[in-house]
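Commentary on secondary and tertiary structure
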Amino acid sequence: MRLMIFKTYQELSVAGATYIAERITRFREDRPFVLGLPTGSTPLGIYRELIRRYREGKISFSGVVSFNMDEYLGLPVGHPQSYHTFMWENFFSHIDIRASNVHILNGETRDPEGECRAYEEAIKAAGGIDLFLGGLGEDGHIAFNEPFSSFSSRTRVTILTDNTRAVNARFFDGDIKQVPRAALTVGVGTVMDAREILIAASGRNKARALRDAVEGGISHRCPLSCLQNHPRAMILCDDAATAELEVGTVEYFKSLEQGQTDGESRP
């Protein structure tokens, strides 16, 4: 697992967008580039940077197929806080991705289990996820895989913890009662199947979860710790998010990146 530390959220966002843009631009296989995407506050900076690059003619998303991580169960597609609305307002409507290439779980489905099975099949049919972009929950969750989720889990219905609902209440006028109690989410196993995983973590409120994911052992208590077993996983964070990491850990990862900058090979 690789940890890249930046001074600010803006620097983190630029680096994340640069990495994704390069992967898409350099992709040469005879199929679309398959990109997994999250919602939430943290990826907004990366989305803004990707939009800017598209408007400057530096990248096209016409050959990209996307799969979003999750959606609230029971929330209408047109609801202001649905992840359909979030993605189209903040990203998709500003780039040239084809609507037919966008995949988001249907929270209005009358057959949640069938919807989840079909989503897994759609990912498989697309050739698998090439790069999964994700965020880090304050309790270490990834997508809506809450603590103690199975590392072999696939796309499924999950019950949201009170902590997650309290954090997300800010999007529902601060009223936790408006936050749905369940969601459809890709599983930990679904994420781990991606060829690359890129996680963004910003702010001191993510510091404890980042510490558990990086310095702690692999544990279901911190779902993101699963990345320790992935061959191509990278976490981008700002200085504030490293507040709980040991000084030696921070210095170690910064020295690795400096080594890359100087042209040295990484261990």
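Residues numbered from 1 in each chain as written. Predicted model: local features only at pLDDT ≥ 70, side-chain atom pairs only at ≥ 80, totals over all residues. Heavy atoms only, no water.

As a further point, take the packing of helix 1 (residues 9–26) against helix 2 (residues 44–55). For the pair helix 1 and helix 2, interaxial distance at closest approach is 8 Å and the crossing angle is 55 degrees. Classified by the interaxial angle, the pair formed by helix 1 and helix 2 is oblique. Crossing hand, helix 1 versus helix 2: right-handed. Facing Y9, Q10, S13, V14, G16, A17, T18, I20 and A21 of helix 1, the residues of helix 2 in contact are L44, G45, I46, R48, E49, L50 and R53. (Axes fitted to C-alpha atoms, helices over the stretch in contact; angles between N-to-C directions. Helix = DSSP H or I, 4+ residues; strand = E, 2+ residues; numbered from the N terminus. Parallel < 35°, antiparallel > 145°, perpendicular 65-115°, else oblique. Left-handed = near helix turned anticlockwise from the far one by under 90°. Contact = heavy atoms within 4.5 Å.)

Attention now moves to the confidence of the model for the protein. Looking at the protein, the pLDDT average stands at 94 and 97% of residues meet or exceed 70. Overall, residues 263–267 carries pLDDT values under 50, and its contacts beyond four positions in sequence, including any with other chains, amount to 6 contacts. (pLDDT = per-residue confidence, 0-100.)

This structure, assessed with the given rule, holds 11 aromatic pairs. Ring geometry for F27 and F33: centres 5.2 Å apart, planes at 85 degrees, overall edge-to-face. The pair F27 / F33 is uniform in exposure class, with both members buried. On the numbers, 5.2 Å between centres and 65 degrees between planes, the contact of W88 with F92 is edge-to-face. On the basis of relative accessibility, which here comes to 31%, the residue W88 falls in the partly exposed class. Classification of F92 as buried rests on a relative accessible area of 1%. A connected cluster of aromatic rings, assembled from ring pairs, spans Y47, F61, W88, F91 and F92. (Phe/Tyr/Trp six-rings, centres within 6.5 Å; stacked < 30°, edge-to-face > 60°. Buried < 20%, exposed > 50% of the residue type's maximum accessible area, 1.4 Å probe, protein only.)

Below, the discussion takes up the pairing of strand 9 (residues 196–201). For strand 9, the buried fraction is high: 6 of the 6 residues fall into the buried class. Of the two faces of strand 9, the one lined by E196, L198 and A200 and the one lined by I197, I199 and A201 are each fully buried. Judged from the 5 bridges that link them, strand 6 (residues 131–135) and strand 9 form a sheet pairing that is parallel. Paired with G134 across the two strands is I199, which belongs to strand 9. The sheet contact formed by strand 9 and strand 10 (residues 233–238) spans 5 bridges and is parallel. By the bridge assignment, A200 is partnered in strand 10 with L236. (Pairing = 2+ DSSP bridges.)

The subject of this paragraph is helix 3 (residues 83–90). Those residues of helix 3 lying buried are Y83, H84, T85, F86 and M87. In this structure, the buried side of helix 3 is in contact with strand 2 (33–37), helix 2, strand 3 (64–68), strand 4 (70–72) and helix 5 (162–168).

Looking now at the sheet that holds strand 10. If you trace the 7 strands from one edge of the open sheet to the other, you get 1-10-9-6-2-3-5, paired in parallel fashion. Looking at the sheet topology across the chains shown, the edges are occupied by strand 1 (2–6) and strand 5 (102–103).

On to the pattern of salt bridges. If you walk through the whole model with that rule in mind, you get 16 salt bridges. The residue R52 makes a salt bridge to E49 at a minimum N-O spacing of 2.8 Å. With R52 and E49 both in helix 2 and 3 residues apart, this pair spans about one turn of that helix. Using a relative accessible area of 34% as the deciding quantity, one classes R52 as partly exposed. Judged by relative accessible area, which is 9%, E49 ranks as buried. Where D162 meets R165, a salt bridge forms, and the shortest distance between an N and an O atom there is 3.8 Å. Here R165 and D162 lie together in helix 5, a separation of 3 residues that amounts to about one turn. With relative accessibility at 55%, the residue D162 sits in the exposed group. What makes R165 buried here is its relative accessible area of 4%. (Salt bridge = Lys/Arg side-chain N within 4 Å of Asp/Glu carboxyl O.)

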